[in-house]
Every structure is written in structure tokens, then in C-alpha cells.
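Architecture and fold: a report
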Amino acid sequence: MSENTEMKKFQELFEKRDAVATEWKRKTGKRVVGCISTYIPEEIIYAAKFLPVQIIGKVETFARADAYLPSFGCSFMRGFLEKLLEKEYGYLDLVTLPSLCDSIWGFCGIWRALEINPSVYLLHYPSQRSEEASKYFTEVVERFRSFIEKFAGKDISQSDLRAAIKVYDENRMLLKRLAELRKRESPPISGAEVLEVVLSSMTTPKDQHNQLLEKLLGEIEGREEYAEGNVRLLVSGHVVDDPDLLRIMESSGGLVVSDDLDTGSRYFCSLIDGVANPMESIGKRYFDLPSPYGSSFEDRIKHLHDMVKEFRVQGIVFLTRKFCDPYLFDYSVLGRALKEEGVPSILLEYEYPLAKASLKTRVEAFLEMLR
Amino acid sequence: MSRSTRRTLSAAKEITDLVVVHYMSAVQAHSEGRQVAWSTAVAPPSEILYSLGMQPLFPENYACIMKAQRGMFDASEAQGLSRDLCSYARCVMGSVFGCESPLGGMEKPDVLISTKNVCITYLKWWQLMADVLKRPLYVLDCPRIAEEIEEFHLKYVAQQLRNMVLVLEKITGRKLDEDRLKEAVKLSDNAAELWRKVLDYRRFKPCAMGVTDSSAAMFPLVASAGTMEAVQYYEKLLSEVSERVKDGVGVIQDEKFRLLLSGIPFWHNLRLFNYLEDRYGAVFVYELYTATWGIASLDAAKPFESLAFKTLYNPVNMPQPWQEKWVVKIVKDFNIDGMVLLSSRSCKATSIGNIAIQKFLREKYGIPSVILEADHTDDRAYSDAQAKAKLDTFMEILGAK
């Protein structure tokens, strides 16, 4: 797959994401807004003509962050703090976070106390699925819009919002088309590559990314090239920001054909559609995301179950950073429920720097069991 | 100094019996056709539950009284719960999964209520219990306060409380009497105010109530907010504490250092606090944890809005600038010499900020502190010698010989 020329562009965009954003900023004179996780309605930021970029938490050391956050804090937020303190995210003008977990809240407190830029904006993500919560979230999103307008110094028009939705939905449809190529018996693209494309989408202006995606699809949709592995896997977890994690699986004979990741299907699985009332439609899309923060166990199990059927999945890898409470709780229920339905799974916890050898050993043992 | 000089409050001694009565009252509720709810413990809507004739139980409290029952953790881990997850949850889940438990286990609930105002574990743990026990769950969603509590937040939580009443009315088959609710809110407010007065008396030297008593005496405010029993308990406690202050009697007489405690006490080893008292004459005169339950004033005329306020207004849910101001004021008001920050690996909500807090307190205000690392319930990795060595060093810094 590596000789795939279009694919290389995405890999490069992701690897050079800091330079890409910095260059964009220099050229446009506009601001860059960091987003934590897939629960921030990026469309609103995009509609204000800013560049939303998803935060990547991967680091090799926590030397600076350790002075503020303990080792049992989630390493995504520790990694982000490390990069902020190292000024690697010097181009961010604002950081927006959803109130998902205690590590995010802890980070907010520390960052507030440090009183350095960029400032952070916390967006409440409801833990309840009711009409009341949905209405509240719509208002939360409205307030977010007002905040961004104030930050921009000008209003966001309805037509700007509609245009942003259009670009974002298009990106989602293209990503979905790409990801679903893996429904084939012999997919022309691997799971690690799909992840690279999604990651690059998260850090590149969407209109530019859409053009590249069209080209990539044009090149590979008709092809019958085989991805390496043959044991069909689904990966479930949160932000997987290192494609090596999937490469470990795919170089051991696995093939990641589907996912339930923030850096995967959760980013593109549902469209905003409905342009009649853009704000309400935006709120609804994010409110309905399948996740451990709002969904019931039944809904999460059904969601995984459906993907297992659709993509003919043989086994599930629950992939989570260590100390991630919501996903660890969910694993204890989801893993058991799917096992009862005859779908085996393993829990792979990781930290950066990756202990690749031991991760590989565990994956190999799992794959052996599935063959 | 010998142990015999420590004076335990007689009101604190009563708690052991009150705890048993509390758990038995759930059994009694069922025998009388009343329903039992398992609720989260920080600002629970007990006032509503009691007004509906329901009996709340608090799994977190149950974990405290179980102390470190290692079999519980093993059972939970065997069911796929990671050892890094909240030890309250792992401890109680052992019992929920069927391990033999103190007091015969908690009386099974008819409904579970999670007020999500402290941590993500409140949501996930309650979902898990509801799933295992096959009982309905009501989640009271609670926004983090990034700046200050606004009408926007209060309206949302109050509306959810009203919706919760509708759900509970169906489960109990009874209608909520709003006058009864107002009375419960009034009683809850009275109890909280009495508790604040008790804590305030600890400004005086020698401090009349130590951390062990305080950690016990907070129980009625957790379990019985909204009842006359709680008010009566705190009246008694207040009179005992004020008597002591009048007579100049402290938990220990020779008080040399005044300390502030942050975090959840290590329930498996409260004796560690005695060590500080016995060896150094160092007394905890305030705990952020025990203060949490009395912090909100309620207006009985507006019961739902008041309970919404109580839900939102707890220190973990408040923004960093509020927390900083709060701590610094306590240090000043209570004449604090140093702070002990308890860090529990399995409780991010109360522990994740400790390293930063320590740094900021030292650099901005010159307040010395020490971080003690241990789990709040799971004692399997606890080393008493290490904890004491760390405290010894800290006391040396504070100037103890």
C-alpha cells in the first residue's frame, strides 16, 4: 500500500500538521482553534473562518507536564499539557474542550491557574439522554456560537453556518465511503491508512481535505489491491493518535475493517443534514453520538453489534490509554456482552512511548485464538 | 504523648450505631412497602427521596464502612473492572456481584440515582450497578461550572429534579407533597448550617474536633439530609463542641500545629491521623472533604431551585479560581500551618490537581504542603511506614523537632 501516491499526501499532512496550521495562519492572518475530542461542533469554528484542529496528545516524554499532573491522570491530557508547555502548540489561539471526564476538568483547573495563553473554553456535554438534556445542549451550542462570535469580533451568518455544514458533511461522506471500502473481502486500504486519513482530516482545512479525498477515492475505489492481514478486526476506543497502534495489529495478520473511535467513525458516522435550522441540527448531531459519555450500555452494545455484522468482524480490540475511566468501565460490560454473542475481544491499554513489543505479543495471541 | 489523651466526642461515638440503623432502615422501608434508592453521596437529592417516603442508601458510604475487604476487589477485577478504577466502585461491586458483605449487603434498590456533579465515575459506576441489578437508573446531569453558577445552569438542574420526581412518583405510586418537600429542604438547610457552625468552632485553639471525629460526624449530613434526626444530631454535636471551646478542651491538649486536609480520608487507615496528633501535636482543624456537605445554603420557599444550587455548588464542581480563593481563606481563617493533600490514584476528581495545588500554594502564598499517595479504600499497595516517613519529613519542614 505504501506505493499509493495519493495516500502519501495524507501521511505528510498529518506528520507536518503543526507546520500546516502555522502556514495557514501566516497566509490567512486568521486564528487556529484547538479542539479536544470529537464532541466539539467544529462547524461553528469553521463558519467563523477560523481553522479548527483536533489536538493530538502523543508525546515521547512528560518531563514538563509531570510538574503539574500525576501519572494516573490520562496521558492524553498530560501529553497535551506537555506540548503546550513546550510551546509546540504555540500557534493555537484558543482551546475548546467538552466536559467529558475528570482529567479534562483537572487540566482546565491547572491551565486556569497558570494564567498563560491560549485560553480554554469548556463546553458541557450532557450525561443524560432526555428531551431536557437535548434542549440544554442546543443552548450550550448557541452559547458556544456567541462565544466564538465575540472571539472573532463579528457575527457568524446563517449562510456561513450552512456552508460550513456542507463542507463538513461532504468530508464525512467521503470518509465514510473510504472506510466502507473495508466491507470488501479484500479491501484496497488498511485500517492504519484509514486512520491516517481521518487524522489528517482533523488537522487540515476541510475544503482542501475534501479535494484530496476525492482523488484518493478515485485512485483506489476500483482497485483490487489487498491489504496485508486477513483476520477482520474492529477497534473500539477514544482518541487513537498514533497509526502505529493499528499497524501493530495489521503487521501481525489482523485487518482493522471497522472502528468505534473518536479518530474514526465517531468523527464521520452521522451527518448534520437539515439546513433549515443549522444550530439545532448541529446540536442534535453531536448530542446523538454513540459514546460512553451519554449512551446507555444497550445502545453501545447494539452499535458495536451492528458494525460487527456489517463489516463481518471476527474480533474486537478495545484500545484505550491507561487510566481512562469511562472506557475502562464500559469495557467490563461491553466485552462480556459481546462475548455472549460470540464475538471475542481483548482490552489493550497503552501509554506513550508505546511498548510495541508487548502490545504485539498480546495482539498475536488474540489473533491466534481467532484463526 | 500517649494515646489516652485524645478526646473523642461522644457524638462521634454514636455514629457507629447510626450507621447500622441507617442500613437497617432500608430493610424496614421494604417491609413497609416503601422504596429504596441507591444514590451518589455528594449533594444527593435526599430531601426529595425522604419526602416521597423513600429510603436512600449511599454506595460510597458502604465502601467506607467495608474498609479494605480485599475479596471485594478481587471479585470486581475478576468481572473485568480494571484495578485503576475507583476503589469505592470496585469495593461495592464486589458486594453487588454477590460476595458476602457486612450487614448482609446493601438492601437492593428499586431505583438508582446518579447526581453527576463530582466525577465521570458517578455516571459509569451507576450505569454498571443498574445493569447488574436490572433496576432503573435516573441520571441527574450536572454542568461543570467554568465561571460562576448562572440561572442557565440552575434552571436545567431544577427541571431535571422535577422530571426525576415524576419518575419516582411512578416507581413509588405516591405523589410528592410539596409542603413536605419544603419542610425537608428547611431541615436540610438547618443541618447544614449547624454543621458549618461546628466546623467554624474549630478556629479556636485547641481545636475541639479532630479529623477522625469530623469524618464520622459528617455521616448524618450525607445520609439523612432533610430529616429531623439529622438536625437533632447536629444540635447535639454543636452543643458538645461549643462546650469544649468554652472550657478550653481540645481533641488533644498540647496543640502545636494546625493542619488542613484535602482529599478523601484513607478509610483503611484513619490511625495515620492519630500518628500526627500523638507524635507531633499536629491537629487537622479543617478538611475540604467534610466541609463539602455543609457548604450550600438552601431556601425552603424555592425547593427545586435550592436543591439545584446544592447540586451545582460543591467544591469539586466549582472553577479553579473559586477553589483557590476558598482554600486560601480557610488557611487564613483557621490559622493553618500546613496542608496535607491525600492523593488517591483511583480518584482523579479529588487528586488530579494535587501536584499543581501544592506548587501554586507554595509559590503564590508560601503555604507548605505534603502529598500523601495512597488509595482511599484499597489498601493492597499501602505502606504505613512510607506514609509516616513522608509525614515525618513534612513535620520537620514545619519546624517540629
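Residues numbered from 1 in each chain as written. Chains lettered and ligands numbered in written order. Predicted model: local features only at pLDDT ≥ 70, side-chain atom pairs only at ≥ 80, totals over all residues.

Structural notes on the overall build of chain A
- A count of helical and extended segments in chain A gives 15 helices and 8 strands.
- For chain A, the C-alpha radius of gyration of 20 Å lies close to 21 Å, the compact-globule estimate for 371 residues.
- Principal-axis analysis of the C-alpha atoms gives chain A an extent of 60 × 45 × 45 Å.
- By the burial criterion, 53% of the 371 residues in chain A qualify as buried.
- Long-range pairs, those at least 24 residues apart, make up 73% of the contacts in chain A between residues at least 6 apart in sequence. (Helix = DSSP H or I, 4+ residues; strand = E, 2+ residues; numbered from the N terminus. Rg over C-alpha atoms; globule rule 2.2 N^0.38 Å. Buried ≥ 20, exposed ≤ 12 C-beta atoms within 10 Å, placed from the backbone. Contact = placed C-beta atoms within 7 Å.)

What to know about the environment of K359 of chain B
- The residue K359 of chain B is located in helix 18 (residues 354-365) in this model.
- Once the C-alpha coordinates of K359 of chain B and S369 of chain B are considered, the two residues, 10 residues apart in sequence, prove to be 8.9 Å apart.

Remarks on the domain arrangement of chain B
Residues and elements named next belong to chain B.
- Domain annotation for chain B reports domain 1 (13-176) and domain 2 (180-398).
- Using C-alpha coordinates to define each centre, domain 1 is positioned 22 Å away from domain 2.
- Of the residues lining the interface, 46 residues belong to domain 1; the matching set on domain 2 comes to 42 residues.
- At the level of secondary structure, the elements contributing two or more residues to the side of domain 1 that touches domain 2 comprise helix 2 (15-31), helix 3 (46-51), helix 4 (59-66), helix 5 (70-78), helix 6 (87-96) and helix 8 (151-172). (Domains from an automatic or database assignment.)

A few points about helix 7 (residues 120-133) of chain B
Residues and elements named next belong to chain B.
- Along its 14 residues, helix 7 runs 20 Å from first to last C-alpha, staying within 8% of the 20 Å computed at 1.5 Å per residue.
- Along helix 7, the residues that are buried comprise I120, T121, Y122, L123, K124, W125, W126, Q127, L128, M129 and A130.
- Just downstream of helix 7 lies K134, where phi reads positive at about 55°. (Expected span 1.5 Å × (residues − 1).)

Some remarks on the pairing of strand 6 (residues 254-260) of chain A
- Counting buried residues in strand 6 of chain A gives 7 out of 7 residues, a clear majority hidden from the surface.
- In the classification by handedness, the crossover that spans strand 5 (residues 231-237) of chain A, the intervening helix 10 (residues 244-250) of chain A and the parallel strand 6 of chain A is right-handed. (Right-handed = clockwise from strand over helix to strand, strands pointing away.)

Some thoughts on unusual backbone geometry
- With an omega of -5°, the peptide bond running from N117 of chain A to P118 of chain A counts as cis.
- Mapping P118 of chain A onto the fold places it in the loop between helix 5 (102-114) and strand 4 (119-123).
- At the junction of Y352 of chain A and P353 of chain A, the peptide bond is cis and its omega measures out at -5° in the coordinates.
- Within the chain, S37 of chain A stands out as a residue other than glycine whose phi angle is a positive 70°.
- Taking the C-beta count within 10 Å as the criterion, S37 of chain A has 23 such neighbours and is therefore assigned buried.
- A positive phi angle, close to 55°, is found at A43 of chain B, a residue other than glycine.
- Considering the arrangement of structural elements, one finds A43 of chain B in the loop between strand 1 (36-39) and helix 3.

Describing the sheet that holds strand 4 of chain A
All names here are of chain A.
- With respect to topology, 4 strands assemble into an open sheet ordered 2-1-3-4, the strand pairing being parallel. The open sheet has two edge strands with one neighbour each: strand 2 (51-54) and strand 4. With direction set aside, neighbouring strand axes in the sheet form an average angle of 25°.
- Where strand 1 (residues 32-35) meets strand 3 (residues 94-98), 3 bridges bridge the pair, whose relative direction is parallel. Its bridge partner lying in strand 3, C35 is registered against T96. (Pairing = 2+ DSSP bridges. Axes fitted to C-alpha atoms, helices over the stretch in contact; angles between N-to-C directions.)

Thoughts on the nonpolar core
- The biggest cluster of nonpolar side chains holds 255 residues, and the ones touching the most others in it are L233 of chain A together with A191 and L259 of chain B.
- The residue makeup of this core includes at least three contributed by each of domain 1 (13-176) and domain 2 (180-398) of chain B.
- Residues contacting L233 of chain A, with those up to four places away along its chain left out, are M249, G254, L255, V256, V257, V313, Q314, G315 and V317 of chain A. (Core = buried A, V, L, I, M, F, W, Y, C linked by C-beta atoms within 7 Å.)

Comments concerning the packing of helix 14 (residues 325-340) of chain A against helix 7 of chain B
- Two elements in contact, helix 14 of chain A and helix 7 of chain B, have axes whose closest approach is 9 Å; the angle formed by their N-to-C orientations is 10°. Classified by the angle between their axes, helix 14 of chain A and helix 7 of chain B sit roughly parallel to one another. Each of D325, P326, F329 and V333 of chain A in helix 14 of chain A lies in contact with helix 7 of chain B, whose residues at this interface are I120, T121, K124, W125, L128 and D131 of chain B.
- Here the contact of helix 14 of chain A with helix 7 of chain B is composed, by residue class, of 6 nonpolar, 1 polar and 3 charged. (Parallel < 35°, antiparallel > 145°, perpendicular 65-115°, else oblique. Nonpolar A, V, L, I, M, F, W, Y, C, P; charged D, E, K, R; others polar.)

Describing the environment of R78 of chain A
All names here are of chain A.
- Mapping R78 onto the fold places it in helix 4 (residues 75-85).
- Separated by 108 residues in sequence, R78 and S186 have C-alpha atoms that sit 39 Å apart.
- The contacts of R78, once residues within four sequence positions are left out, are F62, A65, L69 and G73.

Quick look at the interface of chain A and chain B
- Taken together, the contact between chain A and chain B spans 37 residues of the former and 41 residues of the latter.
- Mapped onto the side of chain A that touches chain B, the elements with two or more residues apiece are helix 5, helix 6 (131-152) and helix 14 of chain A.
- With 9 residues, the top contributor of residues to the side of chain A that touches chain B is helix 14 of chain A.
- Here the side of chain A that touches chain B is composed, by residue class, of 21 nonpolar, 10 polar and 6 charged.

Some remarks on the sheet that holds strand 4 (residues 137-141) of chain B
Residues and elements named next belong to chain B.
- With parallel pairing, the 4 strands of this open sheet are ordered in space as 2-1-3-4. The outermost strands of the open sheet, each flanked by one partner alone, are strand 2 (55-57) and strand 4. If you compare each strand with its neighbour and ignore which way they point, the axes differ by 25° on average.
- Both strand 1 and strand 3 (residues 111-116) contribute to a ladder of 3 bridges, which runs parallel. Bridging across to strand 3, W38 finds its partner in L112.
- Across the sheet, helix 8 lies against strand 3 and strand 4, angled at about 170° from strand 4, the strand it touches most.

Re the packing of helix 6 of chain B against helix 7 of chain B
All names here are of chain B.
- For the pair helix 6 and helix 7, the least separation of the axes is 11 Å and the interaxial angle reads 5°. The pairing of helix 6 with helix 7 is recorded here as roughly parallel in orientation. The residues of helix 7 that touch helix 6, namely those facing A89, M93 and V96, are T121, W125, L128, M129, V132 and L133.
- The class makeup of the residues in the contact of helix 6 with helix 7 is 8 nonpolar, 1 polar and no charged.

Digging into the confidence of the model for chain B
- Looking at chain B as a whole, its pLDDT mean stands at 95, while 99% of the residues score no less than 70.
- Here the complex is predicted with pTM 0.96, and the ipTM for its interfaces comes to 0.96. (pLDDT = per-residue confidence, 0-100.)

Section: helix 2 (residues 17-28) of chain A
- Taking 1.5 Å as the rise per residue, helix 2 of chain A with 12 residues should run 16 Å; its terminal C-alpha atoms sit 16 Å apart, in good agreement.
- Backbone geometry just downstream of helix 2 of chain A places G29 of chain A in the positive-phi region, at approximately 70°.

Concerning the environment of L51 of chain A
Residue and element names in this part refer to chain A.
- Note on placement: L51 falls in strand 2.
- C-alpha of L51 to C-alpha of K8: the two residues are 43 residues apart in sequence and 23 Å apart in space.
- Dropping the residues within four chain positions of it, L51 is found in contact with A21, W24, K30, V32, V33 and P205.

So, the pairing of strand 5 (residues 257-262) of chain B
All names here are of chain B.
- Here strand 5 lies mainly inside the structure; 5 of its 6 residues are buried.
- Bridge count for strand 5 against strand 6 (residues 282-287) is 5 bridges, and the pairing is parallel. Paired with L259 across the two strands is F284, which belongs to strand 6.

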